[in-house]
Structures are given as structure tokens and as C-alpha cells.
Amino acid sequence: MSQVPTPPVPCKSLTSQLQTVLTEKTEHLLARIIRDNFTTQYASQAPSLAEFRDVVSSHGTEFDATLLQDFRSHVPLMDYDSYKPFVAKFNEQPCKESEVENMFAPGLPRFLAGSSSTSGNAPKMFAKYDTVSHDMAPPRAMCELLEPKGPTVWLAYYGYSQLKEVEREPGQVVKRIPVCITTGGSIRRRFGWSVDDDEGRMATIVPGHVAPWATSMIIHHRSFLMMHALFTLACRDLDLFYAMFATLFLDIIRLLADEWDMLVTCIREGTIPDLDGIDHVRSHLQVHWHADPERATELREIGSPFSCVGWAARVWPKLRVVMAISSGTFSTALPKVRSVLGPTIPICSPGYGSTECQRIAFPYDLNDLDTFVLVAGEVFEFLHVAAEESHENLVQAWDLEVGEEYQIVATTKGGLWRYPLGDVVEIAGFDPETGSPVFRYSRRTSLCMRLLPMTLTDSHLVASIKTISSEDIIEVHEFTTIVDDRKFPATVGCFIEGALGPNSHLAAQRLFDALFSANIAGPNAAFFHDLTPTIRIVKPGTFMEYRRWRGEQMNVGAGQIKVPVVLSDSAAQEWVVERVVQEL
């Protein structure tokens, strides 16, 4: 990727000047967040902040040093249970302005973001306000890469599962707040798109984009992907392809392969296919859809995806980059993605975020999918993985140690107070220009598998699966795991989507070595020798269908649903088991 400059190597420690800059910037932001949110309903009433309120009432909020000391000494680590009663007020009927205004931050939320519930727990909901900071602007290299030079496709769902109508007086609605996925809500906030004007936007195309706005209002997962696939395939001059995850990019490529003849026919004849869930937008799509026999002929000559390496470069000769999260569990899709793209089209990460606070970090090096630099738009503290979960053990950004692992704890302009995000990161260094921590994602605290006497983290499971992912064993495209207790003792059960190689019979032993090599020589060696993992192959397209199935269950659109590394939900386990075609 020669057009993207390589940043300097992260420094292993902060100079006194960089530490001062980082400290002053963080403390100024934290003091501002505390003052802005101190009088909100949550900060004024939450039992977990009672001690902090008492101390501040005697000290006041005027002096930064005192205020910050009070915060660090008296604000404990929070959890969702402390927010839940306040979030629930948005579900009341009627939803009164006096009951929800200034709930977590000043004013009313722009939208309510629902979590993906990847772990199988009940979805959570977080209020999102108009509090975007200029400090959250992407690095210069990323801005230059994303500067449009031609048509762009965004695989993002702009719709919503509910609308919360906030009333001032009975029947007087002052605001309609959508409940939606974080990506779609954030894009709406960025462009100022109100739900009240959705109908008027349906037939429009955002300048520089390939597909009409209406394509991103299709909630049916397969139809959403099909319509984006159709408009994207018809555009020869595509410049930028944005998908939330590498697996979502592969979903649309897989659909292009499965429905190739039909899609090319639609391009030749100018017809919209009959798909579930598009009746409400069909007329808006048809306005921008016209027959293009020349493009159809070109596509037939090229052939469908997977027919050749570098297929995307032939179909979209001007495509510069694909933006998709490709670290962690999504990294198993990379070999297939890179085969489709070929050597001339890079895949870059759009950054690192979460439902709770959206943007946590940007890619530090656009050539590196796994390394990120913390943004300065929110306040982040850190809890060492070996430390007890207490606010007294929190570490500030300037005190982090390179090579150590920490959980990220966020205090945000949107009203989160010392909220552990459940993400563990390994510190790689510090940005030599800004002092911001540079890190690599390690794992989720909630996604692990417990097999007494040990616990397997999601990162260890991903790394172990990669040891069997090859053309001669199994070309792993996606996978998930369960505790397989069909026999005693229970072991790691893997469901894998991918092509078997000539040496697939070696997979179980190689996976065993990767999973348990650190234990087989210890005092429990005999126990571990009985833990040979099981491997079940599922039919092609299973995990794409899982995203559709799970999305329909949760009533959310494309881009939100992820396949967990550890599948704990019993209904989801049964769903996957039904799609097994072979057990090794």
C-alpha cells in the first residue's frame, strides 16, 4: 500500500513533555465532562455516585485539581445495572420530556443504541447525544485515504427497531428518538438526518454514493445485501468499499457468487429482483436503476467471484481500498478476502469502537489491521488484568506499561462514569507525536470457555483455530465454539465453515496441541489427554444465515450481528448443529 505513509514506531515510554501534554489534555476533558454531566438525572440520583455527590457538595466543582481528585477517589467502577433503571424511563408510555430530559447528558439523546448481544445476554441500550468531539477526527493518513475519488458503497443500516416519542404535554411530541444500531445512528448524527424526514430521502442518493438511500432502510438481511450488491456490481468506477466487518464483506461477495446470473440479468435488463422486505422501497430504487447491457456483457466475460484470484480488481478496476474491521475473530476471513481483492487492493481497518462509546481508537498504521491509537474524544482509564476490579486499581494512560494487558474503562460525554467496556488490550507503546497509547486488541472478558481446571480466552481460541487454517487442512472462513459435553470429559467443540484439504484428518490433533500444549506436561496432564477437541463442518453460508436469523430475532439490520467465538446461547447452538454436514 505505497500510497499510505508508515507512521513512526511507537515509543516505549513517554518523554516528560509528552506526558505533560497527555495529562493536561485528559484532565481538562475529564473536568469538563464532570461539570457538564454532574447535574444530570443519572449523576444526581444514581446510588453508586452518592459518595461522590456528597464530597463534591462540600468542595464544589470550581477547581479542577480538587474535582479530579474527588472523582478518582470516590467514583467506583460502574456496571449496566446502575444505568438500567434510568434507561428504562425511555420505555415508559407516555415517554415524558420531564422524565427523560438531561438523563445522562444535557438535553435529549439523538438516538438510543442497542448492543449486539454477541455473548447471548439480553441486549443493552445506551443513550447517544450530540457530543461528538473534534478530537475524534481521523488521523491525516486516514483522512487522505478516505477522501472520495469516485463512487463509494457503505454497507450500513440506517433504519431503526423502535421510535420513542417524547411528549411535553399529552399529544405534543417534541422529539422522536430512534432505537438503532450504533453505526447507523452515528451516520444519521453526522449528516443531521432526522427520522422525521426519512420518507423525503428515500429516493435520493448521498453525493458520491452508489446506492439510493432507501437501500440502507431494508431490514431483511439478505435483501439488504442483495440490493447493495446489485448497485455496487453495476458501478464499474467504484472507489471505496466500506463494510463494518470483513465477514460482512464476504457475505456480499458470497451472495454475488450465489446469484451471479440473476444479478447480471437484472443489470442487462434494468429490473429489480423480487426480494423479501423491499416492497416499501422498490419504487425509490427503480428511479435510479436502468438497463446497462454493456456492463452486463463485461461482467459475464469476467465471471463470478471465486472464479479467479483478484476478481474485485477486474470488476472494479478503480477500487482503491476496502475498509472493514479485520482483527480478532474477523481475522479468519482475511485469506478469502485477500484472495478476492488480489494484491493491488488493500484492506484497512476503520478503527476500534463499541456500542457504549462508539469510537475508542483509530488505526495507528493503515498497513496494520491489529494496532490502534487511542482517541482523545473521551476519557479512558485502564485496569490491569491481574488487578482486583476496583477503582483504586485504575491506571491512567500516562502510567501504562508496554507489553502489559489492561481492560479499558470509559468516562464519556454521553454520560458513562467509569464504565468497564469488557475489552482487554495489550499496550504496544505510545504515539511519539501525541503521547496517546498505542495498543493491540487482545480479547473480551465475557467471551471465554471454562473447562475445569482452565479457562480459554477468545483470543486463544482464535489463535488455535488459525493453526489449522490452511489449504491442506481446512480453509477456515468462519467458526464458533461451544463446550461439547456429548462425552465425558467435556471439551472444545468447533463448528467450522470452510473447505477441507487433503490432510483434514490432522486437524483435531493439531488443534489439541494449540489449545492445550501449555498444560499437557503439567500436573493435570492425564486429564488434558482426554480433551481432544471435536470439529464439525457446517454447510457453506451458515454464518451468513446466522447473522440473518439472529438479526430477525433481535429486529436489527445488517452490520450489527457478530458470530461469537464462544456460542453460549442454547437456541443458537441448536440452530448451528442443524447445519452440520460432517464431523471430522
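Keep in mind it's a predicted model, so treat the numbers as computed, not measured.

> Mind laying out the overall build of the protein, listing which residues take part and the relevant values?
The secondary structure content of the protein amounts to 21 helices and 23 strands. A compact globule built from 584 residues would reach a C-alpha radius of gyration of about 25 Å, and the protein, at 25 Å, matches this within 12%. Its C-alpha atoms give the protein principal-axis dimensions of roughly 75 × 70 × 50 Å. Across the 584 residues of the protein, 56% fall into the buried class. Long-range contacts, defined here as pairs at least 24 residues apart, represent 67% of the contacts in the protein between residues at least 6 apart. Within the structure as shown, the protein displays about 24,400 Å² of accessible surface, and the carbon and sulfur contribution to it stands at 50%.

> Quick rundown of empty space enclosed by the protein? Include the residues and the values.
The tally for this structure, following the rule as stated, stands at 4 cavities of 30 Å³ or more. Computed from the structure, the largest cavity encloses a volume of approximately 230 Å³. Ala 127, Lys 128, Glu 356, Thr 412 and Gly 414 are the residues nearest the centre of the largest cavity, which is lined by 20 residues in total. When contributions to the lining of the largest cavity are tallied by element, the ones reaching two or more residues are α5 (80–87) and β3 (125–128). Here the lining of the largest cavity takes 4 residues from β3, the largest share from any one element. Considering only residue class, the lining of the largest cavity consists of 11 nonpolar, 5 polar and 4 charged. By volume, the second largest cavity amounts to about 90 Å³. At 3 residues, the largest contribution of residues to the lining of the second largest cavity is made by strand β4 (residues 152–155). Its residues assigned to classes, the lining of the second largest cavity shows 8 nonpolar, 5 polar and no charged.

> Now, about the layout of surface pockets: what can you tell me, with residues and values included?
Taken as a whole, the second largest pocket spans an internal volume of roughly 790 Å³. In terms of lining, the second largest pocket is formed by 34 residues, of which the most central are Pro 139, Val 373, Leu 374, Asp 431 and Thr 434. Every element with two or more residues in the lining of the second largest pocket is listed here: α1 (16–37), α7 (140–146), β11 (358–363), β12 (371–374) and β13 (379–384). The element that contributes the greatest number of residues to the lining of the second largest pocket is α1, accounting for 4 residues. Classifying every residue of the lining of the second largest pocket by side-chain character gives 23 nonpolar, 4 polar and 7 charged.

> Please provide a residue-by-residue account of the environment of Phe 495, values included.
Assignment of secondary structure puts Phe 495 in strand β21 (residues 491–500). By relative accessible area, which is 0% here, Phe 495 ends up buried. Each C-alpha atom of the pair Phe 495 and Thr 297 lies 39 Å from the other, and the pair is 198 residues apart in sequence. For Phe 495, the residues in contact, after removing those within four places along its chain, are Glu 478, Phe 479, Thr 480, Ile 482, Arg 536, Val 538, Phe 543, Val 576, Val 577 and Val 580.

> Which residues make up the sheet that holds strand β7 (residues 240–245), and what are the values?
Spatially, β4-β7-β8-β9 is the arrangement adopted by the 4 strands of the open sheet, whose pairing is parallel. At either end of the open sheet lies a strand with only one pairing partner, and these are β4 and β9 (347–348). Relative to β9, strand β8 (residues 321–325) runs parallel, the two sharing 2 bridges. Bridge pairing in β9 links Val 322 to Ile 347. Set on the sheet, helix α10 (residues 221–234) makes contact with β4 and β7; between it and β4 the angle comes to about 175°. Contacts between helix α11 (residues 246–258) and the sheet are confined to β4, β7 and β8, with β7 contributing the most and set at about 115° to the helix.

> Residue-level account of the pattern of salt bridges, with values.
Inspection of the entire model under this criterion finds 29 salt bridges. Between Glu 405 and Arg 443 there is a salt bridge whose closest N-O contact spans 2.7 Å. Highlighted residues: Glu 405 in strand β15 (residues 405–411) and Arg 443 in strand β17 (residues 437–444), separated in sequence by 38 residues. One salt bridge in this structure joins Arg 486 and Glu 583, with 2.7 Å as the shortest N-O distance. Residue Arg 486 is located in the loop between β20 (474–484) and β21, and its partner Glu 583 is located in strand β23 (residues 580–583); the two are separated by 97 residues in the primary sequence. With relative accessibility at 39%, the residue Glu 583 sits in the partly exposed group. Salt bridges sharing common partners tie together Asp 251, Arg 254, Glu 478, Glu 497 and Arg 547.

> Can you tell me about α5, naming the residues and giving the values?
Because the α-helix completes a turn every 3.6 residues, residues three or four places apart line up on one side. All buried positions along α5 are accounted for by Tyr 80, Ser 82, Tyr 83, Phe 86 and Val 87. Around the axis of α5, the buried residues are gathered within 150° of arc, so they sit on the same side. Against α2 (41–45), β3 and β16 (419–430) lie the buried residues of α5. Measuring from the side-chain oxygen of the N-cap residue of α5 to the backbone nitrogen of Asp 81 gives 3.1 Å; that N-cap residue is Asp 79.

> Lay out the nonpolar core in plain terms, naming residues and giving numbers.
Tyr 83, Phe 104, Phe 241, Trp 311, Phe 380 and Trp 417 are the most contacted members of the largest nonpolar core, which has 160 residues in total. Grouped together as the second largest cluster of nonpolar side chains are 25 residues, Ile 473, Cys 494, Ile 496 and Ile 537 included.

> Go over α1 with me, naming the residues and quoting the values.
Between its terminal C-alpha atoms α1 stretches 31 Å, which fits the 32 Å expected from 22 residues at 1.5 Å a residue. On the buried face of α1, the contacting elements are α2, α3 (50–59), α4 (64–74), β13 and β15.

> So what's going on with the packing of aromatic side chains? Residues and values would help.
Throughout the structure, instances matching the rule amount to 32 aromatic pairs. An angle of 70° between the planes, with centres 6.0 Å apart, marks the rings of Trp 260 and Trp 311 as edge-to-face. Taken together, the positions of Trp 260 in helix α12 (residues 260–269) and Trp 311 in helix α15 (residues 311–315) put the pair 51 residues apart, joining distant regions of the chain. Residue classification places Trp 260 among the buried residues on the basis of a relative accessible area of 7%. Given the relative accessible area of 0%, Trp 311 is considered buried. In this structure, Arg 201 is placed above the aromatic ring of Trp 213, and the distance from its NZ or CZ to the ring centre is 4.9 Å. For the cation-ring pair, Lys 336 lies above Phe 306, with the distance from its terminal atom to the ring centre recorded as 4.6 Å.

What counts, and where the lines are drawn
- Residues numbered from 1 in each chain as written.
- Predicted model: local features only at pLDDT ≥ 70, side-chain atom pairs only at ≥ 80, totals over all residues.
- Heavy atoms only, no water.
- Helix = DSSP H or I, 4+ residues; strand = E, 2+ residues; numbered from the N terminus.
- Rg over C-alpha atoms; globule rule 2.2 N^0.38 Å.
- Buried < 20%, exposed > 50% of the residue type's maximum accessible area, 1.4 Å probe, protein only.
- Contact = heavy atoms within 4.5 Å.
- Areas by Shrake-Rupley, 256 points an atom, 1.4 Å probe, with all protein chains shown as cover.
- 1 Å grid on protein atoms, 1.4 Å probe; cavity = no way out; pocket = protein on both sides within 12 Å on 5 of 7 lines; lining within 4 Å.
- Points joined across faces, edges and corners; volume = space filled by probe spheres on them.
- Nonpolar A, V, L, I, M, F, W, Y, C, P; charged D, E, K, R; others polar.
- Pairing = 2+ DSSP bridges.
- Axes fitted to C-alpha atoms, helices over the stretch in contact; angles between N-to-C directions.
- Salt bridge = Lys/Arg side-chain N within 4 Å of Asp/Glu carboxyl O.
- Arc of directions from axis to C-beta.
- Polar contact = N/O pair within 3.5 Å; in protein donor to acceptor, adjacent residues only side chain to side chain.
- Core = buried A, V, L, I, M, F, W, Y, C linked by side-chain atoms within 4.5 Å.
- Expected span 1.5 Å × (residues − 1).
- Phe/Tyr/Trp six-rings, centres within 6.5 Å; stacked < 30°, edge-to-face > 60°.
- Lys NZ or Arg CZ within 6 Å of the ring centre and 35° of its normal.

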